[in-house]
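# Per-entry structural report
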Amino acid sequence: MRGVDALRALPSVDALLRDARIESVIERHGRSVVTAAIRTVLAAVRGEIASHAAGTSDAGLIDRIALEVEKAVTPSLRPVFNLTGTILHTNLGRAPLPPEAIEAVITAAREPSNLEFDLDTGKRGDRDDHVEAALCRLTGAAAATVVNNNAAAVLLVLNTLAARREVPTSRGELIEIGGSFRMPDIMKRAGCTLREIGTTNRVHLSDYADAIGPKTGLVMKVHTSNYEVVGFTASVPEPELSALCRERRVPFVVDLGSGTLVDLAHYGLPHEPTPSDALAHGADVVTFSGDKLLGGPQAGLVVGRADLIAAIKRNPLRRALRVDKMTVAALSAVLALYADPDRLERLPVIRLLRKPVTDIRALAERLLAPMTAAMAHAAHVRVVDCQGQIGSGALPTRTVASAGLAIEPLARRGAGRMLQQIAVAFRRLPVPVIGRIQDDALILDLRCLEDEARFAAQLPEWRIAN
Ligand SMILES: *Cc1c(COP(=O)(O)O)cnc(C)c1O
């Protein structure tokens, strides 16, 4: 059937809604979703008939409608396998939470809680009350507050302590991080005037001393978290800078970025500065992220001097940047793990960082055969040693030795296109697999693969357009 006849033969929306096979779909997903899907599919089929493409059988029509419904009800946000080799991948959600934090989130979501309620006095409380003591214990700070993320923390600190004032900052530290966080722009939005000092590669104590004056609101030091200035460089050690700031009576603020609460040297990595280090070096306020090396929920942590934190808490902007109850619950549970170093392995970030390469290579060897079978005649698979990274602005120039699978197209002609197709097919699996393309191969770094069974189970579903 073609043309007008084919159009006439198409069933109506009502007729389709009464179809027994469609009725079961309605039962699961509701009438309005199914009606919308029927309209979408009918419109597409009419278009195909008009452009003389092949007509669709009744059974084909029902299948298409069911698929369309499936598409409509699949949540946009869903789990993926992060096999990029970047442990804290910002675009893939950064740190996975430990079970204790997940439990706490569920409870906070399900039931009312004393989020901002003092159970002793029956009066209004503060959501910081649930995490402030732990943050102070773990960092040595006198006071602490928590906001939505570290970008918010930096904005809030700048706006509270330096609005309409100057903020001397080294030219070598004017960072831009992903998602258009640029230190000069944040300063402007916070109402501060950035006063660039030194040069890209060198800054001296005298540069700070010359810049500090009656208009100075605070002095800012930013951890250059996603790059490193190497070669002929100079920067001012925190203790010297804090001594100068104290003498001139201006607050010294450090944006640490990642801010781990443990010494990474325990894990065979170079020492990454901790909030305790910065405070011990005389910083008045330190800001860092909750979901980077700390391994918790997205949050911005602000720790430091009691009077400055009190001023920060009074800023009306804090209300706009506050964390929700699920974040408070998760953060509190994660900080509790830090109280006991023996339980730190429960933090996925720490566990993933510590996973021995021999274990990862053994995992790659186990997956080699099923992956080779799944690739059929499209690609060759081999076990490779590779280099990953921590990500999210921790030790940007350091790699983490790892292992994984390298997938290379068999055909030499069109290999580049084939490689892209393979990467697309991995992303279309029920639980999408995200790897990285490097040296004409798709590399699946297996350091972050924790659920081997779930990964292997979907390999036979492999469909690749040859
Ligand atoms: C990551 C980072 C930020 C932003 O932190 P978010 O928690 O992602 O908002 C700010 N400053 C530095 C130095 C960072 O590394």
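The model shown is predicted, which means the values in this text are computed figures rather than measured ones. (Residues numbered from 1 in each chain as written. Predicted model: local features only at pLDDT ≥ 70, side-chain atom pairs only at ≥ 80, totals over all residues. Heavy atoms only, no water.)

### Re helix H8 (residues 150-162)
The first and last C-alpha atoms of H8 sit 17 Å apart over 13 residues, in line with the 18 Å expected at 1.5 Å per residue. Most of H8 is tucked away, with 10 of its 13 residues classed as buried. When we look at burial in H8, the residues that qualify are Asn150, Ala152, Ala153, Val154, Leu155, Leu156, Val157, Leu158, Leu161 and Ala162. Trailing H8 by a residue or two, arginine 164 shows a phi angle of about 60°, which is positive. (Helix = DSSP H or I, 4+ residues; strand = E, 2+ residues; numbered from the N terminus. Expected span 1.5 Å × (residues − 1). Buried < 20%, exposed > 50% of the residue type's maximum accessible area, 1.4 Å probe, protein only.)

### Side note on unusual backbone geometry
Phi at arginine 164 takes a positive value of approximately 60°, unusual for a residue other than glycine. Note on placement: arginine 164 falls in the loop between H8 and strand E3 (166-170). The exposed category is assigned to arginine 164, whose relative accessible area is 76%.

### Thoughts on the site of the ligand
Neighbouring the ligand are 13 residues; Ala151, Ser225, Asp255, Ser289 and Lys292 lie closest to it. At 2.9 Å, a side-chain N or O of arginine 94 approaches an oxygen atom of the ligand. The contact in question runs from an oxygen atom of the ligand to an N or O atom on the side chain of lysine 292, over 2.8 Å. Those elements that place two or more of their residues in the shell around the ligand are H8 and strand E8 (252-257). (Near = heavy atom within 4 Å. Polar contact = N/O pair within 3.5 Å; in protein donor to acceptor, adjacent residues only side chain to side chain.)

### Quick look at the pattern of salt bridges
Opposite charge on two side chains lets them pair, provided their charged atoms get close. All chains considered together, the criterion is met by 25 salt bridges. Between glutamate 116 and arginine 322 there is a salt bridge, with its nearest N and O atoms 3.8 Å apart. Here glutamate 116 is found in the loop between helix H6 (99-110) and helix H7 (132-139), whereas its partner arginine 322 is found in the loop between helix H14 (317-320) and helix H15 (325-338), with 206 residues between them in sequence. Note that glutamate 408 and arginine 382 form a salt bridge whose closest N and O atoms lie 3.1 Å from each other. Residue glutamate 408 is located in strand E12 (residues 400-409), and its partner arginine 382 is located in strand E11 (residues 379-388); the two are separated by 26 residues in the primary sequence. (Salt bridge = Lys/Arg side-chain N within 4 Å of Asp/Glu carboxyl O.)

### Side note on the environment of phenylalanine 232
Structurally, phenylalanine 232 can be placed in the loop between strand E7 (219-222) and helix H11 (238-248). A C-alpha to C-alpha distance of 7.6 Å links phenylalanine 232 and arginine 202, two positions 30 residues apart in sequence. When residues no more than four places from it in sequence are discounted, the contact partners of phenylalanine 232 are Asn201 and Arg202. (Contact = heavy atoms within 4.5 Å.)

### Quick word on the nonpolar core
Formed by 60 residues in total, the largest nonpolar core has its most connected members in Leu135 and Val286. Inspection of this core shows a minimum of three residues originating in each of domain 2 (81-90 + 353-465) and domain 3 (99-345). Those residues within four positions of leucine 135 in sequence are excluded, and the remaining contacts are Ala144, Val146, Phe288, Leu301, Val303 and Leu335. (Core = buried A, V, L, I, M, F, W, Y, C linked by side-chain atoms within 4.5 Å. Domains from an automatic or database assignment.)

### Describing the packing of H6 against H15
Running from amino to carboxyl end, H6 crosses H15 at an angle of 150°, the nearest separation of the two axes being 8 Å. As far as their axial angle goes, H15 and H6 are roughly antiparallel. When you trace H6 past H15, the crossing you get is right-handed. Two secondary-structure elements touch here, H6 through Glu100, Ala101, Ala104, Val105, Ala108 and Ala109 and H15 through Lys325, Met326, Ala329, Ala330, Ala333, Val334 and Leu337. When the residues that make up the contact of H6 with H15 are grouped by side-chain class, the tally is 11 nonpolar, no polar and two charged. (Axes fitted to C-alpha atoms, helices over the stretch in contact; angles between N-to-C directions. Parallel < 35°, antiparallel > 145°, perpendicular 65-115°, else oblique. Left-handed = near helix turned anticlockwise from the far one by under 90°. Nonpolar A, V, L, I, M, F, W, Y, C, P; charged D, E, K, R; others polar.)

### Some thoughts on the packing of H8 against helix H13 (residues 306-314)
Between H8 and H13, the least distance of the axes is 9 Å, while the angle of their chain directions is 105°. Compared by their axis directions, H8 and H13 come out roughly perpendicular. Between H8, through Leu156, Val157, Thr160 and Leu161, and H13, the contact on the second element is made entirely by Leu308, Ala311 and Ile312. Residue composition of the contact of H8 with H13, grouped by class: six nonpolar, one polar and no charged.

### Notes on the domain arrangement of the chain
When the domains of the chain are assigned, the result is domain 1 (3-73), domain 2 (81-90 + 353-465) and domain 3 (99-345). Domain 2 puts 11 residues into the contact, and the matching count from domain 3 is 16 residues. Together domain 2 and domain 3 conceal approximately 1200 Å² of surface at their shared face, both sides included; 66% is due to carbon and sulfur atoms. Remark: the boundary between domain 2 and domain 3 carries one salt bridge. Between arginine 354 and glutamate 345 there is a salt bridge; the shortest N-O distance is 3.1 Å. Applying the counting rule to domain 2 against domain 3 returns one residue pair in polar contact (both at pLDDT 80 or more). Residues of the side of domain 2 that touches domain 3, tallied by class, amount to six nonpolar, three polar and two charged. (Buried area = accessible area lost by both parts, 1.4 Å probe.)

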